[in-house]
Every structure is written in C-alpha cells, then in structure tokens.
Amino acid sequence: MTAISTEVLLAGGYAALLILIARGLDLLARHTHGQTERFRTGGFRYDPDHDHWTCPEDQLLRPYGYDHRRRLIRYRAPAAACTACPVRALCTDSAEGREITRPVDPWPHSEAGRFHRGIALTLVVLATVIVLGELLRNHHLGELIMLGALLAGCLTTGRRLTDHLHATPGGFPAPARYQGLPPTPETDDRPDDYD
Amino acid sequence: MTAPPSADAVPHGRLLISKAWVQVAVLVVLFGFLVLGVLAYLVYRDEPPVPRQVVGDRGQVLFTGDDITSGQQVFLRSGLMQYGSIFGHGAYLGPDFTADYLHRAATIARSNEPGGDAALIADFQANRYDPATRTLRFSGPQTTAYLANERHYADFFGDPTTAKGLLPHAITDPAEIHQLTSYFAWSAWAAAAHRPGADHSYTNSWPPEPLVGNRPTADNIVWSVLSLIALLGGIGALFGVYGRYGDRLGWRGRQADTLSFRQPGEVALTPGQRVTAPFFFVVAALFVAQSLLGGASEHYRADLGSFFGLDLARLLPYNLTRTWHLQMALFWVAAAFLAAGIFLAPIIARREPRGQDRLSMILLGALIVVVAGSLLGEFFSIRGMVPASARFIGANQYEYLDLARLWQILLTAGMGLWAFILWRGLRGRLRGEHRGNLPWMFFWAALAIPVIYAIGLLSRTTDTFTTADFWRFWVVHLWVEDFLELFTTVMVAYIFVLLGVIREKVALIVVYFDIVLYSVGGVIGTMHHLYFSGAPAQHMALGAFFSAAEVIPLTFLTVEAWAFLQLGARQEAASPTPFPHRWAVMFLVAVGFWNFLGAGVFGFLINLPIVSYYEIGTGLTANHAHGSMMGVYGMLAIAMALFCLRYMIPPRLWPDRLAKISFWSLNIGLAWMCFATLLPVGILQLYHSVSTGYWHARSLKYLTNPTNSLIEWLRLPGDAVFIIGGALPFLYIAWLGLRHAAKARPATPGETEDRLFTEITGPVDR
C-alpha cells in the first residue's frame with residue numbers, strides 16, 4: 001500500500017466537505033421549510049395518527065377536501081365552534097369555520113424544495129467531478145481506495161438527494177383523489193398558465 | 001361576494017403596531033450613529049501622520065508629503081486599487097503594495113543590518129517621526145531599501161508586455177514611479193512603526209511579516225475570542241427568547257384569505273409604470289455586460305498571459321475589467337431598485353399624478369449619462385489620458401467608488417430625484433397615514449438611499465487613505481449592506497402584502513424587527529472593514545464585537561427570512577385564478593438561501609480579526625462578495641424585474657420556460673462559482689498566507705501556480721451556465737417588456753386599482 005499524495009488528500013478532503021455541505025444544506029432547507037409551514041400553522045397541532053389538527057382553543061379540524069392542483073388536504077373546524085370562539089377575530093373571518101391545509105407531499109415536493117435540492121445536487125456533482133478527475137490522475141492503491149470510498153459517498157448522497165425523483169417518476173405524481181375526499185369546491189381545475 | 005378593493009389602501013391615522021417597536025428602532029439607530037460619530041473623530045485624531053518630508057540616514061530628503069499624496073493619486077487614477085491593494089483594500093490579482101513593499105524593504109535591509117534579525121525588527125518598529133518638524137527619518141538600511149524598491153517598481157509598472165494583466169508600459173514616468181514608491185513606503189512605514197505609546201503599529205501590526213516583528217496583536221486575539229463568545233452566547237440567547245416569545249411577533253398563522261389574483265393583461269399600467277420597461281432593459285443589458293466582464297476578470301486568474309490566444313490586456317487590462325465589473329454590479333442592482341420603486345408607488349398610492357413618466361424618463365436619462373460617463377472616465381483614466389487636474393470628471397478609482405466626483409454628485413442627485421418621484425407618487429397616500437406605518441417606511445427607506453450614498457462624497461482622493469477609507473465604507477457597508485437591505489425588506493414585505501401573502505401588520509413587524517436587529521450590529525459593525533487601514537484599536541474592538549453581534553441577527557434573521565421568503569412560494573389559498581409570479585417568488589426563495597449562505601456563512605468565515613488578519617484581500621473575500629452581492633442583491637433585483645415585467649408582457653407571450661432556465665442557470669452557476677473555485681482557492685490562499693507569508697500568498701507567482709490555475713479553470717462551466725443560461729434569457733425577457741409595455745392596458749392618471757388580487761371572503765380587521 002502506497003502513501004496517499006497531498007493532492008489526493010486535499011482534493012478528496014474538499015470533495016468530502018462538499019458532500020457534507022450538501023447534506024447540511026439539505027437538512028437546513030428542510031428545517032426552514034418546516035419553519036415556513038409553522039408560519040401558517042402556528043399554534044395548531046397536527047395529529048398524524050388520527051389525521052386531524054387541534055387549534056389553540058382545543059377544537060378539532062377534520063379533513064374535508066382535497067385540492068388537486070396544489071396537492072393540499074384542507075381541514076376545517078366546526079362552524080359553530082368558531083362562531084362562539086372568543087379569539088375568532090385573530091383567527092378567521094370564514095362563516096364556515098377556520099380552515100387549515102396540509103400538503104400531501106412531504107419535503108421536498110414543492111417548488112422551493114426542488115430549488116434547495118438542486119443546489120445541494122450541484123455540490124454533489126462538483127464533488128463527483130473532483131473525485132473522477134483525481135481518479136484519472138492517481139492510481140496508487142491507497143488513493144484508489146480513498147477515492148473509491150468518496151465516489152461511493154457521492155453516489156449515495158446523489159441518490160438520496162434525488163429520491164423524490166425516484167419516488168415520482170417524471171416529476172410530480174399525477175393528481176389523484178386522496179382518501180376519497182372530494183375536490184375543494186372553490187377550486188376550479190383550470191390549468192395554470194405556466195404548467 | 002367580492003369585497004371592496006382594499007382596506008390597505010385606506011390611510012391609517014394610527015400606528016398599526018405597538019409604539020415600542022418604533023421607539024426601540026429609533027434608539028438603536030441613534031445609538032449606532034452616535035458611536036460612529038465618536039469613531040469618526042478618533043479616525044481623524046489617530047490616523048497615521050503624513051510627514052512633511054522623509055529624510056534618509058544622512059539627512060538627505062528621500063520624498064515629501066506631497067509625493068505621498070501625489071503617489072496616492074497616481075495609484076488611484078492608474079486603477080491600481082482595482083489591480084492590487086493598499087492596506088489590504090482593493091483587488092486581488094496584483095500584490096498588496098503595503099505588504100509587498102514591506103517584505104521587499106525588510107529583505108533588502110536584512111542584508112545590510114549588522115545587528116541581525118532582532119536589530120532589524122527594532123529598526124522597523126522604531127517610530128522616528130517628529131511631530132514638531134513633521135519629519136520622518138529612515139534608517140540606513142531603510143534608505144537603501146527605499147532606493148532599491150523604487151527601481152523595482154519602475155521595472156514592475158514599466159513592463160513592456162501585458163504579462164502582469166496591466167497595460168504595456170503602464171507607468172513609465174520616473175516622477176510618477178517616485179511618487180508611487182513614496183506612497184507604498186509611507187503605507188509600509190505605518191504598517192511597521194509602532195504608534196507612540198503602543199506596542200503595535202498604526203495598522204494594528206498588519207500585514208503579518210515576521211521579518212519586522214508584525215504578528216497578531218493582543219487586541220486582535222482578545223477581541224476575536226470575545227466576539228466569538230458574544231456570537232455563540234447571543235445566538236443561544238436569541239433562539240431561546242424567540243422560542244419562548246416568538247409567537248408574539250405576529251407570525252401566528254391566521255387563515256389565508258381566498259384570493260383572486262388579477263392576471264397580467266387585466267392589470268392596467270400607469271404611464272409611470274410603463275416607463276420602467278426601459279429601466280429594466282438597461283438593467284438586464286448592464287447585467288449581461290457585467291457578467292461578461294466578470295468572466296474576463298476571472299480569465300486573468302486562470303491564464304494571465306492570453307485570452308484564448310488574444311492579448312486582451314492591450315484593450316481591456318485586468319484593472320479595467322474589474323473596475324467595470326464592480327461598477328456595473330452596483331449600477332444594475334440600484335437601477336432595478338429604482339425602477340421597482342417607481343412601479344410599486346402607484347399600486348401603493350392607488351393613483352398617479354401626471355408627469356411621473358416624464359420625471360422617470362429624465363431619471364433614466366441621467367442614469368445612462370452617469371453610467372456611460374463614469375465607465376468612459378475610468379477607461380481613459382487607466383490609459384493615463386486624464387490629467388490630475390481633470391480628476392473631477394475623470395475617475396475616482398477608489399474600489400467601489402470608482403466613478404469620478406462629478407458622476408458621484410449626479411448619481412446622488414438622481415437618487416434624490418427618484419425619492420422625489422416616489423414622494424410625489426405617494427403623497428396622497430402618505431397624507432393622513434401614521435409616519436410609522438408601511439407607506440411611510442417605504443418612503444423613509446427610499447430617502448435613506450441617496451442620503452447615505454451622499455456620505456461617500458466625504459471620501460476624497462487627496463485625503464489620507466485612512467480617513468478616505470472610513471467614509472468609503474459608509475457606502476460599501478452601510479449603504480449596500482444596511483440601507484439597501486432595509487429598502488429591500490420594506491419592498492419585499494410590501495410586495496407580499498400586495499400579493500396577499502401576509503397582512504400589513506405582520507409586514508410592519510418584519511420591517512421593524514429587521515431595522516432593530518441589523519442596526520444593533522450592522523451600523524457599528526461597519527468598522528469590521530477597518531481593522532488594519534490605520535484606524536486605532538478601538539475600531540477593531542468595536543468593529544469585531546458588533547459585527548459578530550451582526551452575525552447573530554444575520555444567522556437568525558436569514559434563517560427566518562429564508563423561511564419567510566418561501567411563504568410566497570407556497571400558495572395554499574383556494575384561488576380561482578393562477579398565481580402569476582411563480583419565478584419572481586422563486587428568485588425571492590433564492591435570495592433567502594443566498595442571504596444565509598453568501599452573506600451569513602461566507603461573511604462570518606472572514607469576519608473575526610484574527611482570520612481577517614491573514615485573509616484580507618484574498619479569495620475568501622471574493623467568495624463572500626459573489627455569494628452576497630449576486631446571491632442576495634442580484635437575485636433580488638431580478639425578482640423585482642420579473643415581478644414588474646410580468647404585467648408588461650402579454651400573458652400569451654410570457655416566456656415562462658426562459659424564466660425557469662434563467663432561474664436555474666443563475667443559481668447553479670453561482671453555486672458552482674463559489675464552491676468550485678472561490679471557496680477552495682480562498683482556503684488554499686489563507687493556508688499559504690499563514691504558513692508561508694501574506695505577501696507571498698498575494699504574489700502573482702503564487703496566484704498563477706498550476707494548482708490555482710487548474711482550480712480557476714474549473715470555474716468555466718459555472719460561468720458559462722451563468723452567462724448563457726442565466727443572464728441572456730433575462731435580457732430577452734426584459735426586451736419583451738420593452739417591446740410590449742407601451743401596449744399594456746393603460747390606466748389613466750388618477751385613480752388606479754390598488755392591490756394585485758381581490759379578496760373573496762371580505763375585508764377583515766387587522
């Protein structure tokens with residue numbers, strides 16, 4: 001086994017750093033995405049077991065509709081409870097009860113999610129280019145092992161960052177009925193001009 | 001069912017949020033500027049003196065104070081601050097002339113110093129300036145070194161080729177070489193000679209140079225550690241407080257209204273709004289030119305000798321491409337902000353007085369004159385065709401403030417005219433509105449832009465570098481990083497209100513929160529640029545501490561803003577009409593991301609005095625500059641442009657795919673630039689600076705070594721994607737806007753619609 005050259009150590013170290021940064025950015029982006037969701041749902045608690053929300057005044061919001069285009073499930077509190085609620089003015093004007101939504105597709109199935117994944121993937125592609133370049137230039141056993149391990153790291157991270165694409169070939173899944181819920185009445189199915 | 005147009009358009013005589021927000025914001029800003037005032041006084045009191053004359057060991061006059069001042073003029077008008085640097089400030093291809101002179105002088109003196117290294121250190125650290133006679137005396141070895149360095153710089157700048165990235169025979173006049181060497185010698189003296197009564201030099205013993213005993217001072221290390229502790233403690237405390245009281249900030253989710261977005265084509269445009277189309281075309285054209293010049297500047301680092309077989313430096317030497325690259329960056333971003341302000345004003349005010357379009361066209365004309373005039377001035381100045389007597393219309397050539405004084409004054413006046421246009425447009429809306437509410441905040445933030453920029457006029461080429469640099473950073477830091485940021489926040493918050501993403505009260509809280517958090521650290525934090533340019537140690541202490549404090553809100557606020565800016569991208573309300581601003585809000589999402597990475601993380605990487613000591617003027621600064629200037633302001637300017645252009649281009653012609661390609665190309669290209677080249681080159685250079693020496697890490701020999709060249713070449717794919725896939729499609733979209741804006745549905749001056757949506761569920765109490 002031969003010593004690993006400084007060049008391979010530095011380039012390999014930087015590739016490893018890029019993989020770590022890509023993963024870190026992805027985690028942070030996921031966190032900020034959660035934060036964005038909390039801006040909308042602050043004070044409300046979601047119960048995944050029973051698929052309902054509980055508002056700060058302890059009223060339940062149950063699913064009532066599914067928005068095809070935005071792939072959201074809409075939940076609503078009983079209108080009577082909201083009408084009698086002391087903090088209604090801070091919460092909703094709707095006569096039909098407070099509504100809250102939950103996206104069907106988890107992170108990163110959103111426009112912003114795809115952007116952050118795209119940036120993270122760019123870093124992984126760069127790391128792969130660096131590792132492949134070093135593999136072309138250096139062929140000692142130790143170097144091959146180290147670069148091989150890094151290449152595996154690149155591929156694993158790349159695969160992980162594209163898993164949302166694997167799960168939904170061709171991009172987003174086609175709109176489908178969700179849990180038998182009817183489409184939200186207000187939503188028409190006119191296609192967006194940009195889709 | 002549809003509600004009356006808007007409750008937002010009705011003036012509010014009362015403040016929408018608690019008065020405490022306003023009081024805290026005013027106090028914090030006043031405190032910051034009070035401290036800056038004291039620091040301004042200290043800079044004038046404690047700057048390194050410019051001697052009347054400098055004499056050699058036998059009493060012969062080596063050079064005079066006039067030579068030093070004239071040397072600074074030669075340095076600036078030859079564009080050398082956009083080639084190398086002085087006191088660490090300037091461009092990064094050429095050497096740092098302070099460090100370069102000091103190292104050469106010490107090396108030469110060493111061979112003439114019989115007392116060994118200790119005597120050499122004592123010789124350079126001794127302060128032989130006599131304030132009574134204003135005479136500085138050089139020792140024998142220093143005198144020899146000065147004369148040798150004069151010959152060296154004559155060779156360096158007289159190079160008949162373009163091998164250094166400068167024009168052939170860039171400076172050959174012996175008098176100018178003498179003045180230039182005197183200027184470098186003075187800066188090197190200030191960098192090594194101890195301040196009276198202190199154990200460090202005028203520059204806090206920067207640059208690192210073991211030969212003359214320059215190493216990090218106690219202040220440098222202590223304030224680095226203290227600011228790091230303040231940073232960690234502050235972040236913990238802020239997140240703790242936010243976790244406990246965050247709900248009170250007003251984020252708490254209120255049900256989104258059901259909105260019907262008014263579609264492009266349905267939104268009538270006022271004459272004032274329509275004339276923003278040529279603004280955006282100019283913006284896009286400048287952006288394309290700026291990115292091409294960036295590519296050329298980058299090429300000098302990858303292959304200094306030739307541009308794919310062409311001797312580019314004969315026409316566009318490095319110092320010119322970089323000058324234009326930086327100037328245009330400020331111009332196109334600022335122009336986009338001006339245009340967006342003009343576009344938004346009638347939407348906010350619900351009316352537009354007659355003549356706004358004519359005033360806006362005058363503003364555009366003035367802007368084009370300033371851009372063309374300043375760029376030409378710089379071109380001729382670098383070619384030595386502008387005499388010293390004509391510098392008022394030639395060029396200033398302080399990095400970032402490169403434009404001549406005439407153009408600086410005109411630009412300030414232009415931005416003043418812009419603030420007047422906004423005031424004129426908003427007047428009806430401002431009347432009766434509380435001065436702390438969003439319409440007034442929009443106007444105040446706009447007014448601050450010409451006011452703070454005007455302070456840059458205090459930075460004159462004939463002043464001592466230390467004081468000139470102090471005022472220069474009021475523009476580079478305070479204007480760009482704080483006041484453009486403030487205007488940005490107000491504008492984005494307002495656009496979100498206009499798009500129904502958030503309510504006005506929440507927007508107002510965001511704005512005040514931003515003012516308080518940025519001002520706590522940002523105003524005094526300006527001093528983090530002045531650790532080593534001759535300002536006293538207080539500037540380093542306060543600059544380090546407060547700019548670390550600046551990182552606390554920056555980290556916090558950028559993570560928050562990162563999430564906040566994603567709000568626009570998540571359209572959940574059941575709107576019967578599609579959301580028209582898909583790519584504008586995606587650019588805002590990118591702003592959030594780059595604000596965190598480029599401004600926050602990359603900025604903090606180089607913020608501590610101990611890091612800056614070895615790092616200033618190296619690749620990591622360029623990394624931060626690209627990530628923050630393009631990542632934040634560039635993306636924001638494009639977001640604004642797309643937002644406005646969307647209403648000017650008929651919906652059937654809107655090139656959504658091109659907007660998408662531009663978005664992805666700009667972001668991938670920028671990420672590639674930073675991570676493929678700027679970051680690794682910067683890290684290697686920092687390592688080399690600590691291990692081998694700062695002067696060497698800044699030398700052409702080091703920068704053009706094969707490793708660095710290879711890494712610089714790695715940037716090519718990113719640059720190509722950025723320019724071809726990112727900048728050019730944006731130019732085409734702006735061209736479509738220019739072609740079709742005149743045909744957009746006209747709104748007559750007077751009443752116009754207010755918001756860009758209508759609520760289905762009706763107005764609510766805010």
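In this text the structure is predicted, and so the values were computed from the model without any measurement.

S.K.: Looking at this model, I keep getting lost on the overall build of chain B. Mind explaining?
M.R.: Scanning chain B from N- to C-terminus turns up 24 helices and 12 strands. Long-range contacts, defined here as pairs at least 24 residues apart, represent 81% of the contacts in chain B between residues at least 6 apart. Just so you have it, chain B exposes about 25000 Å², and 66% of that area is on carbon and sulfur atoms.

S.K.: Please explain helix H2 (residues 65-77) of chain B as it appears in this structure.
M.R.: Under the 1.5 Å per step criterion, the end-to-end length of H2(B) is 18 Å for 13 residues, consistent within 8% with the ideal 18 Å. With its phi angle positive at about 70 degrees, B:Gly79 sits one or two positions after the end of H2(B).

S.K.: What exactly am I supposed to notice about the confidence of the model for chain B here?
M.R.: Do not read the predicted coordinates in detail wherever pLDDT is low. Residues and elements named next belong to chain B. For chain B, per-residue confidence averages 88 on the pLDDT scale, and residues scoring 70 or more make up 90% of the total. Contacts of residues 1-9 to residues separated by more than four positions or lying in other chains number 23 contacts, the stretch itself having pLDDT below 50. The low-confidence segment residues 760-766, where pLDDT is below 50, has 21 contacts with residues more than four positions distant or belonging to other chains. Interface confidence for the predicted complex, expressed as ipTM, amounts to 0.83; the pTM equals 0.89.

S.K.: Any chance you could explain the pattern of salt bridges here in plain terms?
M.R.: Any two side chains of opposite charge can pair, on the condition that their charged atoms come close. Per the counting criterion, the structure on display carries 23 salt bridges over all chains. Three or more residues joined by partner-sharing salt bridges are found here, namely A:Arg74, A:Arg76, A:Glu96 and A:Glu99.

S.K.: Quick question: what am I supposed to make of the sheet that holds strand S5 (residues 129-130) of chain B here?
M.R.: In any sheet, the strands associate via hydrogen bonds between backbone groups, in a parallel or an antiparallel arrangement. All names here are of chain B. A sheet is described by the order of its strands in space; here 4 strands give the open sequence S2-S1-S6-S5, paired in mixed fashion. Of all strands in the sheet, those bounded by a partner on one side alone are strand S2 (61-64) and S5. Two elements, strand S1 (residues 53-55) and strand S6 (residues 135-137), share 3 bridges in a ladder whose sense is parallel. For Val54, the partnering residue across the bridge sits in S6 and is Leu136. Sheet strands in contact with helix H6 (residues 174-192) are S2, S5 and S6, and its direction is about 90 degrees off that of S2.

S.K.: Teacher, can you tell me more about the sheet that holds strand S5 (residues 99-103) of chain A here?
M.R.: Residues and elements named next belong to chain A. Here 5 strands make up an open sheet; going across it, the order is S1-S2-S3-S4-S5 and the pairing antiparallel. The open sheet has two edge strands with one neighbour each: strand S1 (45-47) and S5. Strand-to-strand twist across the sheet, computed as the mean angle between neighbouring axes with direction ignored, equals 35 degrees. As judged from the 5 bridges shared by strand S3 (residues 60-67) and strand S4 (residues 72-76), these two strands associate in the antiparallel manner. Note that in S4 the partner of Tyr66 across the bridge is Ile73.

S.K.: What is the right way to look at the packing of aromatic side chains in this model?
M.R.: Aromatic ring pairs: the centre-centre distance and the angle between the two ring planes describe each pair. In the structure shown here, the tally under the stated rule is 66 aromatic pairs over all chains. Judged by centre distance (5.9 Å) and plane angle (85 degrees), the ring pair of B:Phe87 and B:Trp186 falls under edge-to-face. Separated by 99 residues along the polypeptide, B:Phe87 in the loop between strand S3 (85-86) and strand S4 (89-90) and B:Trp186 in helix H6 bring together distant segments of the chain. B:Trp186 shares its class with B:Phe87; the two are buried. Directly above the aromatic system of A:Tyr64 lies the positively charged group of A:Arg76, at a separation of 4.0 Å from the ring centroid. Here the basic side chain of B:Arg472 rests over the ring of B:Phe473, its NZ or CZ set 4.6 Å away from the ring centre.

S.K.: Whenever I open this one, the packing of helix H13 (residues 438-455) of chain B against helix H15 (residues 504-525) of chain B confuses me. Can you help?
M.R.: For any two helices packed against each other, one specifies the crossing angle of their axes together with the interaxial distance. Residue and element names in this part refer to chain B. Relative orientation of the contacting elements H13 and H15 amounts to 35 degrees, with a least axis distance of 10 Å. Handedness of the crossing formed by H13 with H15: left-handed. Of the residues in H15, those touching H13 at Leu438, Pro439 and Met441 are Glu504, Ala507, Leu508, Val511, Tyr512 and Ile515. Among the residues forming the contact of H13 with H15, the class breakdown is 8 nonpolar, no polar and 1 charged.

S.K.: Even after reading the chapter, I still don't get the packing of helix H3 (residues 97-112) of chain B against helix H5 (residues 140-157) of chain B, so can you show me in this structure?
M.R.: Residues and elements named next belong to chain B. Closest axis-to-axis distance for the H3/H5 pair is 8 Å, and the angle between their directions is 130 degrees. Taken together, the axes of H3 and H5 lie oblique to each other. Considering only the axes of H3 and H5, their crossing is right-handed. Facing Phe97, Asp100, Tyr101, Arg104, Ala105, Ile108, Ala109 and Asn112 of H3, the residues of H5 in contact are Pro141, Thr144, Ala145, Tyr146, Ala148, Asn149, His152, Tyr153 and Phe157.

S.K.: Would you take a moment to explain the environment of B:Leu30 for this structure?
M.R.: Relative to the helices and strands, B:Leu30 resides in helix H1 (residues 19-46). Placed 416 residues apart in sequence, B:Leu30 and B:Ala446 show a C-alpha to C-alpha distance of 19 Å.

S.K.: Mind showing me how you'd approach the pairing of S3(A) here?
M.R.: Every regular strand shows the same layout, with side chains that alternate between the two sheet faces. Residue and element names in this part refer to chain A. When strand S2 (residues 52-54) meets S3, the two strands line up antiparallel, connected through 2 bridges. Counterpart to Thr54 in the pairing with S3 is Leu60. The hairpin turn running from S2 into S3, its antiparallel successor, is 5 residues long, and Asp58 in that turn takes a positive phi close to 65 degrees.

S.K.: What's the story with the side chain of B:Asn396 in this structure? I'm lost.
M.R.: Residue and element names in this part refer to chain B. Within the secondary structure layout, Asn396 lies in strand S9 (residues 395-398). Of note is the side chain of Asn396, whose polar atom sits 3.4 Å from the backbone oxygen of Leu401. Setting aside anything within four residues of it in sequence, one finds Asn396 in contact with Leu76, Leu401, Asp402, Leu403, Ala404, Gln408, Ser459 and Thr461.

S.K.: Is there a simple way to explain a nonpolar patch on the surface in this structure?
M.R.: Residue and element names in this part refer to chain B. Among the surface-exposed residues, Ile221, Val222, Val225, Leu226, Ile229 and Phe545 lie close enough to one another that they form a single nonpolar patch of about 490 Å² accessible area. Per-element tally for the nonpolar patch: the top contributor is helix H7 (residues 218-245), with 5 residues. Structurally, Ile221 is set in helix H7.

Conventions adopted
- Residues numbered from 1 in each chain as written.
- Chains lettered and ligands numbered in written order.
- Predicted model: local features only at pLDDT ≥ 70, side-chain atom pairs only at ≥ 80, totals over all residues.
- Heavy atoms only, no water.
- Helix = DSSP H or I, 4+ residues; strand = E, 2+ residues; numbered from the N terminus.
- Contact = heavy atoms within 4.5 Å.
- Areas by Shrake-Rupley, 256 points an atom, 1.4 Å probe, with all protein chains shown as cover.
- Expected span 1.5 Å × (residues − 1).
- pLDDT = per-residue confidence, 0-100.
- Salt bridge = Lys/Arg side-chain N within 4 Å of Asp/Glu carboxyl O.
- Pairing = 2+ DSSP bridges.
- Axes fitted to C-alpha atoms, helices over the stretch in contact; angles between N-to-C directions.
- Phe/Tyr/Trp six-rings, centres within 6.5 Å; stacked < 30°, edge-to-face > 60°.
- Buried < 20%, exposed > 50% of the residue type's maximum accessible area, 1.4 Å probe, protein only.
- Lys NZ or Arg CZ within 6 Å of the ring centre and 35° of its normal.
- Left-handed = near helix turned anticlockwise from the far one by under 90°.
- Nonpolar A, V, L, I, M, F, W, Y, C, P; charged D, E, K, R; others polar.
- Parallel < 35°, antiparallel > 145°, perpendicular 65-115°, else oblique.
- Polar contact = N/O pair within 3.5 Å; in protein donor to acceptor, adjacent residues only side chain to side chain.
- Patch = residues over 30% accessible without salt bridge, like charges linked within 9 Å, V, L, I, M, F, W, Y side chains within 5 Å.

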